[in-house]
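Okay, here's what each chain looks like letter by letter:
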Amino acid sequence: MNHFTSVNDVPDLSALLARCRSVKQNPLGTLNLGVGKTLGCIFFNPSLRTRLSTQRAAYNLGLSVIVMNIGAEGWKLEFEDGTVMNDDKAEHIKDAVAVMGQYCDVLGIRAFANLKDRDADYQEAILKAFKQYSGVPIISLESATRHPCQSLADLITIEQHKPSQVPTVLLTWAPHPKALPQAVGNSFAEWTLAAGYNLRIANPAGYDLNPEFTRGAEIFHDAKSAYEGVDFVYAKNWSSYQSYGEVLNQEMEWRVDEQKMALTENAGFMHCLPVRRNMVVTDAVIDSERSLVVEQAANRVVAAQAVLEAILR
Ligand code: CP
């Protein structure tokens, strides 16, 4: 694997999931693989799980790690080519990235959507710049449109708990006070469909995800009917893709609660975290025995380690 920015970078998903199972059983089995090499983790946006789990995974492989919160601590970057840099942007992305590639053998990047210009976000300018100018393998730690490390951890979790070979999974939109990117929803759809699961997506009108990610899923526009008989409920908020970046709906009928979970096939509850309790999901659901959220977060280490290992090999 040269880069890890979407499921399309994975040559064999079944083999990667099998490797994840082995990593989970024996996390220190390849402790020397990364010795003498350095992973750089570059964050344009905040993080808890991604930052800690990627570092932990790197240490399990013997890698050294450099972390930079470039959004808060770095020079302000110019992204346009050919610009006369006479404003507050002190460094061009192509120079900054080329330098980072000199210090690191692998680079992980977190760069969220700005939710103002859909075309710009979906062109993934920052991720592309890192691929183009760093000269080293790139791992997406959540880009404008995808969160592949999260999605791999989600699949590890589902594989461990699925009641049948082909589970039925519901991705449901849930209310949130802020405008959030579509990256987790896009990515979850893309990965679960690649895994061959039955995917249902429930969201209010105006919140359909980009069909490029959801082709093959069954789409519902009411808050309840999609819950019937599913094995997993994955809650996530996203802002509108059509009315790009807008919050069109905050209806609490979309919150995941015990009544809706009772319609399922004793489904596991999933969320990538951080979660707004009692807005996205009630305490009763997230604190129940069916909640898989902490296990999902634990599986972030497994996912990151399997990805780093594949890149190092
Ligand atoms: N799920 C996830 O990516 O968490 P963080 O934003 O805290 O890294």
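Attention here is on the structure that accompanies the text. (Residues numbered from 1 in each chain as written. Predicted model: local features only at pLDDT ≥ 70, side-chain atom pairs only at ≥ 80, totals over all residues. Heavy atoms only, no water.)

1. Focus on the packing of aromatic side chains
Where we set the bar: Each Phe, Tyr or Trp ring (for Trp, its six-membered ring) is paired with any other whose centre lies within 6.5 Å, and the angle between the two planes then decides the class: stacked below 30 degrees, edge-to-face above 60, tilted in between. Secondary structure follows DSSP: runs of H or I at least 4 residues long count as helices, runs of E at least 2 residues long count as strands, and numbering of each begins at the N terminus. Throughout this description, buried means an accessible area under 20% of the type-specific maximum (1.4 Å probe, protein chains only), exposed means over 50%, and partly exposed covers the range between. Consider the ring centre and the ring normal. A charge sits over the ring if Lys NZ or Arg CZ is within 6 Å of that centre and within 35 degrees of that normal.
Per the counting criterion, the structure on display carries eight aromatic pairs. Arranged with centres 6.0 Å apart and planes meeting at 85 degrees, the rings of Trp-173 and Trp-254 form a pair that is edge-to-face. Taken together, the residues Trp-173 in strand 7 (residues 168-173) and Trp-254 in the loop between strand 10 (232-236) and helix 10 (258-261) connect sequence positions 81 residues apart. According to the relative accessible area criterion, Trp-173 is buried, its value standing at 0%. Judged by its relative accessible area of 3%, Trp-254 is buried. Each residue in the set Tyr-122, Phe-213, Tyr-241 and Tyr-244 is aromatic and connected to the rest through ring pairs, giving one cluster. Sitting over the ring of Tyr-241, Arg-118 keeps its end group 4.0 Å from the ring centre.

2. Here's the deal with unusual backbone geometry
Cis geometry marks the peptide bond from Leu-273 to Pro-274, where omega comes out at 0 degrees. Backbone geometry places Leu-115, a non-glycine residue, at a positive phi of 65 degrees. Here Leu-115 lies in the loop between strand 5 (106-110) and helix 5 (118-123). Assessed through its relative accessible area of 14%, Leu-115 is described here as buried.

3. So, the site of the ligand
How we decide: Here a residue is considered near a molecule or strand provided that any single heavy atom belonging to it is located within 4 Å of it. We call two N or O atoms a polar contact when they sit within 3.5 Å, provided that within protein one can donate a hydrogen and the other can accept it, with sequence-adjacent residues counted only if both atoms are side-chain atoms. Only the protein chains shown count as cover for residues, and all accessible areas are computed by the Shrake-Rupley method using a 1.4 Å probe. Nonpolar residues are Ala, Val, Leu, Ile, Met, Phe, Trp, Tyr, Cys and Pro. Charged residues are Asp, Glu, Lys and Arg, and all others, Gly as well, are polar.
Taken together, Ser-47, Leu-48, Arg-49, Thr-50, Arg-110, His-147, Gln-150, Cys-272, Leu-273 and Arg-300 form the complete shell of residues around the ligand. One of the side-chain nitrogen or oxygen atoms of Ser-47 is found 2.7 Å away from an oxygen atom of the ligand. Between the ligand and Leu-48 there is a distance of 2.7 Å, counted from an oxygen atom to a backbone nitrogen or oxygen. In the complex, the protein chains occlude 93% of the 260 Å² of accessible area that the ligand would expose alone. Across the shell around the ligand, the residue classes tally to three nonpolar, four polar and three charged.

4. Topic: the side chain of Thr-54
In plain terms, the rule: Residue contacts follow a heavy-atom distance rule, with two residues in contact if any of their heavy atoms lie within 4.5 Å.
As for its placement among the helices and strands, Thr-54 is situated in helix 2 (residues 49-60). Side-chain polar atoms of Thr-54 contact the backbone oxygen of Thr-50, separated by 2.6 Å. Not counting residues within four places of it along the chain, the set of residues in contact with Thr-54 comprises Leu-39, Cys-41, Arg-49, Leu-141, Ala-304 and Leu-308.

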